Amino acid sequence: MTICKKHIMRIATVLALGAASTAAFAQSADYRRGYEDGYAAAREGRGPGRDRGGLHIEEANYGVRGSTCNARRSVREQVERNRGAVVANDRLCGDSAPGKVKRLQVVYRCDDSDPLRVVARQGETLRLSCRR
């Protein structure tokens, strides 16, 4: 019976080590992909979060006071896809306050300018631009 327990323990150890190495490999693949994206952005003259002509999203929060979600990634994607237009709705990052009218607050910069703050109520469209 003790020999059987030893074999079971060895098999369990091998399986645990295999699972750990798979997780480490997946993590390193994600890290490498992020590194390559950052490198490509720097080579093109864009920093992290930069898009359309030097426009940089500093912050983007959607919701009501006390219950907001971080909408920065979704706002940046909409700006790139829709030529600067961003629709304030629950698709940005979920419904943080069901039944309440929410607001989208965005802080952005154009190149090295001072940050600009814009706000839209749920259902409205913001137009972010670096044109003067």
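Before reading on, note that the structure itself is shown above.
Residues numbered from 1 in each chain as written. Predicted model: local features only at pLDDT ≥ 70, side-chain atom pairs only at ≥ 80, totals over all residues. Heavy atoms only, no water.

1. As for helix α2 (residues 72-81)
Phase 1: Looking at α2, one finds that the buried residues are S74, V75, Q78 and V79. With its buried residues spanning 135° around the axis, α2 presents them on a single face. Projecting away from the buried face of α2 at angles above 90 degrees are the exposed residues R73 and R81.
Phase 2: Trailing α2 by a residue or two, R83 shows a phi angle of about 55°, which is positive. (Buried < 20%, exposed > 50% of the residue type's maximum accessible area, 1.4 Å probe, protein only. Helix = DSSP H or I, 4+ residues; strand = E, 2+ residues; numbered from the N terminus. Arc of directions from axis to C-beta.)

2. Quick word on the state of the cysteines
Phase 1: The final tally for this structure, using the stated rule, is two disulfides.
Phase 2: What pairs with C69 in a disulfide is C93, and their sulfur atoms sit 1.8 Å apart. The disulfide joining C69 to C93 has a torsion of about 60° about its S-S bond and is therefore right-handed. In this pair, C69 sits in strand β3 (residues 67-70) while C93 sits in the loop between β4 (85-87) and β5 (103-110), placing the two residues 24 residues apart along the sequence.
Phase 3: Described in terms of the sequence order of its bonded cysteines, the disulfide pattern of the protein chain is 1-2, 3-4. (Disulfide = S-S within 2.5 Å.)

3. A short note on the pairing of β5
Phase 1: Burial of β5 is extensive: six of the eight residues sit out of reach of the surface.
Phase 2: The pairing of strand β2 (residues 55-64) with β5 spans eight bridges and is antiparallel. Paired with G63 across the strands is R103, a residue of β5.
Phase 3: Between β5 and the antiparallel strand that follows it, strand β6 (residues 116-121), lie five residues; D111 among them carries a positive phi value of about 50°. (Pairing = 2+ DSSP bridges.)

4. Here we look at unusual backbone geometry
Phase 1: Not every positive phi belongs to a glycine, and R83 is a case in point at roughly 55°.
Phase 2: In this fold, R83 is placed in the loop between α2 and β4.
Phase 3: A positive phi angle, near 50°, is found at D111, a position not held by glycine.

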